[in-house]
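# A structural walkthrough
Chain residues, written in single-letter form:
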Amino acid sequence: MREVDVMGVRVEMPSNQPIVLLREVSGERYLPIWIGAVEATAIAFAQQGVVPPRPLTHDLMKDVLEATGNELAEVRITEVRDGVFFATLVFGSGAEVSARPSDSIALALRTGSRIFCSEEVLDEAGLAVPAEQEDEVEKFREFLDQVTPEDFDAH
């Protein structure tokens, strides 16, 4: 398993489909995962520190974990089958729960939990970005600094 950071979310054009972009902490691979608009908003909220007036689903999950004394130890993105990604929530107790990567990432960002990705998933779906293409990545980072959760609202 390789640790990954969440670079952010954006809308892929022309399909208007949101993606979350992960980056290998010790490497040059990026992992784009297509996600739903609701999950994109949840991830963007967490990254921007937006606190809704009432808890949204991922905030509620975090609150339930805290209230019951459970800890989300880490998130693992474990496999990709026919373009569908799978993840596992790993709790401090050792319990593991299957989950969608988008929900897992949204929860990990709220709890400060680390996110890992299997080497096999990075080999199959990851994109290596050589140093000379880092300017494109920097443009994407600039986009992420400007995007708001409202940009993901379905119209």
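Starting from 1, residues in each chain are numbered consecutively following that chain's sequence as written. A pLDDT threshold of at least 70 governs which residues receive local features in this predicted model, and a stricter bar of 80 or more applies before side-chain atom pairs are shown or counted, although totals over entire chains, interfaces and linings include all residues. Based on all heavy atoms of the structure, the side-chain values leave hydrogens and waters out of the count.

Labelled according to an unreviewed UniProt entry, the chain appears under the name BFN domain-containing protein, originating from Nocardioides panaciterrulae.

## Details of the overall build of the chain
Under the DSSP-based scheme used, a helix requires at least four consecutive residues in state H or I and a strand at least two consecutive residues in state E, with every element numbered from the N terminus. Across its full length, the chain carries 5 helices and 8 strands. For the chain, the succession of helices and strands along the chain, N to C, is β-β-β-α-α-β-β-β-α-β-α-β-α. Each residue is placed in one exposure class: buried if its accessible area under a 1.4 Å probe, protein chains only, is under 20% of its type's maximum, exposed if it is over 50%, and partly exposed if it falls in between. Residue burial in the chain is summarised as follows: out of 155 residues, 43% are buried. Whether two residues touch is decided by their heavy atoms; if any such pair falls within 4.5 Å, the residues are in contact. Partitioning the intrachain contacts of the chain with sequence separation of at least 6 by distance along the chain shows that 56% fall at a separation of at least 24.

## Quick look at the pattern of salt bridges
The rule for a salt bridge is simple: a side-chain nitrogen of Lys or Arg has to be within 4 Å of a carboxyl oxygen of Asp or Glu. Inspection of the entire model under this criterion finds 13 salt bridges. Across the pair Glu 3 and Arg 114 runs a salt bridge whose closest N-O atoms are separated by 3.0 Å. Of this pair, Glu 3 sits in strand E1 (residues 2-12) while Arg 114 sits in strand E7 (residues 114-117); the two residues are 111 residues apart in sequence, bridging distant segments of the chain.

## Digging into the packing of aromatic side chains
Planes of paired rings set the category: under 30 degrees apart is stacked, over 60 is edge-to-face and the rest tilted, where pairs are Phe, Tyr or Trp rings (Trp by its six-membered ring) whose centres lie within 6.5 Å. Overall, the coordinates contain 0 aromatic pairs when judged by the stated rule. For the cation-ring pair, Arg 81 lies above Phe 86, with the distance from its terminal atom to the ring centre recorded as 4.2 Å. Charges are assigned to positions over rings by a cutoff of 6 Å between ring centre and Lys NZ or Arg CZ, combined with an angular limit of 35 degrees from the ring normal.

## Remarks on the sheet that holds E1
When DSSP finds two or more bridges between a pair of strands, those strands are recorded as paired. In spatial order, the strands read E6-E5-E4-E7-E1-E2-E3-E8; together these 8 strands make up an open sheet with mixed pairing. Only two strands of the sheet have a single partner each, and these edge strands are strand E6 (96-99) and strand E8 (127-128). Summarising the sheet, E1 and strand E2 (residues 17-24) pair through 8 bridges and their orientation is antiparallel. Bridge pairing in E2 links Val 6 to Leu 22. Here the axes come from fitting lines to C-alpha atoms, over the contacting stretch only for helices, and the angles between their N-to-C directions go from 0 to 180 degrees. Its contacts with the sheet put helix H1 (residues 37-48) on E1 and E2, and the angle it makes with E1 is roughly 115 degrees.

## What to know about the packing of helix H2 (residues 57-67) against helix H3 (residues 101-111)
Packed helix pairs are specified by the crossing angle of their axes together with the interaxial distance, meaning the distance between the axes. Taken N-terminus to C-terminus, the directions of H2 and H3 make an angle of 55 degrees; their axes are 9 Å apart at the nearest point. Taken together, the axes of H2 and H3 are oblique relative to one another. The two elements H2 and H3 meet at a crossing, and its hand is right-handed. In this structure, H2 uses His 58, Asp 59, Met 61, Lys 62 and Leu 65 to contact H3, whose residues at the interface are Asp 103, Ala 106, Leu 107, Arg 110 and Thr 111. For classification purposes, an angle smaller than 35 degrees is called roughly parallel, one larger than 145 roughly antiparallel, one from 65 to 115 roughly perpendicular, and anything else oblique. Each crossing gets its handedness from the near helix: less than a right angle anticlockwise from the far helix is left-handed, clockwise is right-handed.

## Quick look at the environment of Cys 117
Within the secondary structure, Cys 117 is located in strand E7. Using a relative accessible area of 0% as the deciding quantity, one classes Cys 117 as buried. For the pair Cys 117 and Thr 78, spaced 39 residues apart in the sequence, the C-alpha separation amounts to 6.2 Å. Excluding residues that lie within four positions of it along the chain, Cys 117 makes contacts with Met 1, Arg 2, Val 4, Leu 31, Ile 77 and Leu 122.

## Description of the environment of Ala 108
Of note, Ala 108 is situated in helix H3. Note on Ala 108: relative accessible area 1%, which makes it buried. Counting along the chain gives 62 residues from Ala 108 to Ala 46, while the straight-line C-alpha distance between them is 9.4 Å. Once residues within four sequence positions are removed from consideration, Ala 108 is found in contact with Leu 72, Val 75, Ser 113 and Ile 115.

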